[in-house]
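If you want the building blocks of each chain, they are given just below.
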Amino acid sequence: MPHDRAPSGTAAAPPKLGPARTERLRLAALPSAPGTARRFTTDLLSTWNLRALVADCGLVVSELVTNSVNHTGRPAPADYADLYDHTPATIALQLSYTGAILLVEVWDHSEERPVRRHPGAAEESGRGLLLVEALTTAWGHCPAEQGGKVTWACWNTAS
């Protein structure tokens, strides 16, 4: 990649991009957010002619958004009254593409940093960030200017 990068998963800012196509999606931190984010990503990558990255990027977006929901969200409301009384937290998803780099950023209001776990074979969860690391060129997290944090992942698309 054309930038100095920290090892994957470290507390590092995302790569600085030059001119890029950028699309954003704001989501309520509810259990439906990962699926919505994945569909948005799939459609956008098809539009950007990045069909080869649809599966990997869709999975990464699902994992990052799921982590945001788990750390900032609340259980799904039982009815409209619960939703009205307890507005869910917001998550923001941003995808940027320069022609050489695809960057995914997920913002949430939690300042808790993501932690890559090494679950045992019998454990049913904890593999999300291992998948993110395996499927991307680099990933990391950093504090956001507006508070909270940004967890990001990128792919070098030039090769």
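Here, every reference points to the structure presented above.
Residues numbered from 1 in each chain as written. Predicted model: local features only at pLDDT ≥ 70, side-chain atom pairs only at ≥ 80, totals over all residues. Heavy atoms only, no water.

Asker: Could you clarify how one ought to interpret the overall build of the protein chain in this entry?
Answerer: Each helix and strand counted, the protein chain has four helices and six strands in total. For the protein chain, the sequential pattern of α-helices and β-strands runs β-β-α-α-α-β-β-α-β-β. Taken across its 159 residues, the protein chain has 44% of its residues classed as buried. Surface exposure of the protein chain reaches about 8,800 Å², of which carbon and sulfur atoms provide 51%. (Helix = DSSP H or I, 4+ residues; strand = E, 2+ residues; numbered from the N terminus. Buried < 20%, exposed > 50% of the residue type's maximum accessible area, 1.4 Å probe, protein only. Areas by Shrake-Rupley, 256 points an atom, 1.4 Å probe, with all protein chains shown as cover.)

Asker: Looking at this structure, I do not really get the pairing of strand β5 (residues 138–143). What am I missing?
Answerer: Successive residues of a regular strand alternate their side chains across the two faces of the sheet. Burial runs high along β5: five of the six residues are buried. As paired strands, β5 and strand β6 (residues 149–156) are joined by six bridges and run antiparallel to one another. From the neighbouring strand, glycine 140 faces β6, where its bridge partner is tryptophan 152. In this antiparallel pair of consecutive strands, β5 and β6, the connection spans five residues, and glycine 147 shows a positive phi of 100 degrees. (Pairing = 2+ DSSP bridges.)

Asker: Could you clarify how one ought to interpret the packing of aromatic side chains in this entry?
Answerer: Per the counting criterion, the structure on display carries one aromatic pair. Centroid distance tryptophan 48 to tyrosine 97: 5.9 Å. Interplanar angle 25 degrees. Geometry classified as stacked. Taken together, the residues span a long stretch of sequence, with tryptophan 48 in the loop between α1 (33–47) and α2 (54–72) and tyrosine 97 in strand β3 (residues 90–97) at a distance of 49 residues. We classify tryptophan 48 as buried; its relative accessible area is 7%. (Phe/Tyr/Trp six-rings, centres within 6.5 Å; stacked < 30°, edge-to-face > 60°.)

Asker: Would you mind going over the nonpolar core with me for this structure?
Answerer: General note: in soluble globular proteins, nonpolar side chains tend to be found buried as a group. Membership of the largest hydrophobic core comes to 30 residues, with the highest contact counts inside it found for Leu45, Val65, Leu102 and Val104. The set of elements that each furnish at least two residues to this core consists of β2 (21–28), α1, α2, β3, β4 (101–108), α4 (128–135) and β6. Among the elements that line this core, the one with the most residues is α2, at seven residues. (Core = buried A, V, L, I, M, F, W, Y, C linked by side-chain atoms within 4.5 Å.)

Asker: Can you help me understand unusual backbone geometry in this one?
Answerer: A negative phi angle characterises most non-glycine residues, just as the trans form characterises most peptide bonds. The backbone of asparagine 49 sits at a positive phi, close to 65 degrees, despite the residue not being glycine. Within the secondary structure layout, asparagine 49 lies in the loop between α1 and α2. Look at asparagine 49 and you get exposed, because its relative accessible area is 59%.

Asker: Would you explain the environment of threonine 136 in this entry?
Answerer: Its place among the elements puts threonine 136 in the loop between α4 and β5. Of the residues examined, threonine 136 reaches a relative accessible area of 11% and is grouped as buried. Sequence spacing of threonine 136 and cysteine 154 is 18 residues, and the spatial spacing of their C-alpha atoms is 5.9 Å. Residues contacting threonine 136, with those up to four places away along its chain left out, are Val60, Ala153, Cys154 and Trp155. Engagement of the side chain of threonine 136 in a polar contact is seen with the backbone oxygen of valine 132, the distance being 2.8 Å. (Contact = heavy atoms within 4.5 Å. Polar contact = N/O pair within 3.5 Å; in protein donor to acceptor, adjacent residues only side chain to side chain.)

Asker: Where do I start with the environment of aspartate 108 in this structure?
Answerer: As for its placement among the helices and strands, aspartate 108 is situated in strand β4. Along the primary structure aspartate 108 and glycine 148 are separated by 40 residues, whereas in three dimensions their C-alpha atoms are 5.7 Å apart. Among residues more than four places away in sequence, those in contact with aspartate 108 are Ser68, Thr72, Thr90, Gly147, Gly148 and Lys149. Within the structure, aspartate 108 has its side chain in polar contact with the backbone nitrogen of serine 110 (distance 3.0 Å). Within the local environment of aspartate 108, its side chain forms a polar contact with the side chain of lysine 149, the two groups lying 2.9 Å apart.

By themselves these figures say nothing about function.
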